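One letter stands for each residue in the lines below.
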Amino acid sequence: TGAYSFNMSGAEIPRGKAFASTTQVRANLFLNHGGVSGAGSTSNAIIYLLTGTYDILVQWASDSSTIEIVVNGTVQASISTASSGMATTNTWYSLGINVKADATTGWVSFYVDGVQKLTWTGNTGSAITGVYFYGRNTATTWVGQAYFDDFCVDDTVGEADAAPPSPRWDPQAING
């Protein structure tokens, strides 16, 4: 309710949803940030964290000003914050992720306002057991302010990689 659901200031741990094992999920949320900065390579803000066989992250790396896909502890793809389409502060962005867990044909794709900005294919493990957002990647706190809203996750097993639908909730009339 109000202007946002979660207000993060750099010290919080991730929030989200654990579930029974699956091999494909997509998620979407809205983010409004005041910028991210920090001291050193460990001052990273989590945009998405997927748990399972491997941890899969989409993170804002404050030391390099990049948005990164990290699979099993290794940066697999990155883009400059300036090129990500989400560099302007105090603006709401729809951020989506689509992940397929597979030892050879897995993928991780990150979307900003419905446009794919990062993608990687390869070994993403064999299972996904949770999707989280909102928080720091390590014990080191980053400097910044972020607001998150309208987080949603769905099981998309068997679907092609595509932008997740917008998480905006439209009121529905109830007949009865």
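Residues numbered from 1 in each chain as written. Predicted model: local features only at pLDDT ≥ 70, side-chain atom pairs only at ≥ 80, totals over all residues. Heavy atoms only, no water.

Asker: Account for the pattern of salt bridges, naming residues and giving values.
Answerer: Taken as a whole and judged by the stated rule, the model has 2 salt bridges. Between R26 and D154 there is a salt bridge; the shortest N-O distance is 3.1 Å. Remark: D154 occurs in strand β13 (residues 143-155) and R26 occurs in strand β3 (residues 24-37); sequence separation between them is 128 residues. Overall, R26 belongs to the buried group, its relative accessible area being 16%. The salt bridge involving E159 is made with R26; its shortest N-O contact spans 3.5 Å. With E159 in the segment after β13 and R26 in strand β3, this pair connects stretches of sequence that are 133 residues apart. For E159, a relative accessible area of 38% translates into the label partly exposed. A single network of salt bridges, built from pairs that share partners, joins R26, D154 and E159. (Salt bridge = Lys/Arg side-chain N within 4 Å of Asp/Glu carboxyl O. Helix = DSSP H or I, 4+ residues; strand = E, 2+ residues; numbered from the N terminus. Buried < 20%, exposed > 50% of the residue type's maximum accessible area, 1.4 Å probe, protein only.)

Asker: Break down unusual backbone geometry for me, citing the residues and quoting the values.
Answerer: Its identity is not glycine, yet N72 carries a phi of approximately 55 degrees, on the positive side. N72 sits in the partly exposed class, given a relative accessible area of 47%. You will see that N90, though not glycine, has its phi angle at about 55 degrees, which is positive. With respect to the helices, strands and loops of the structure, N90 is situated in the loop between β7 (74-80) and β8 (92-100). Judged by its relative accessible area of 59%, N90 falls in the exposed class.

Asker: Could you give an account of the nonpolar core, with specific residues and numbers?
Answerer: The biggest cluster of nonpolar side chains holds 33 residues, and the ones touching the most others in it are Y48, L50, I67, M86, L95 and F110. If we skip the residues at most four places from it in the chain, F110 touches I47, Y48, V58, I67, M86, L95, G96, V115, Q116, K117 and L118. Formed by 5 residues, the second largest nonpolar core is a distinct cluster that contains I46, L57, V70 and Y132. (Core = buried A, V, L, I, M, F, W, Y, C linked by side-chain atoms within 4.5 Å. Contact = heavy atoms within 4.5 Å.)

Asker: An account of the side chain of N98 is needed here, citing residue identities and associated values.
Answerer: Looking at the element boundaries, N98 is found in strand β8. Given the relative accessible area of 1%, N98 is considered buried. Side-chain polar atoms of N98 contact the backbone oxygen of A162, separated by 3.0 Å. In contact with N98, not counting residues within four places along its chain, are Q24, V25, R26, W107, V108, S109, Y111, T156, A160, D161 and A162. (Polar contact = N/O pair within 3.5 Å; in protein donor to acceptor, adjacent residues only side chain to side chain.)

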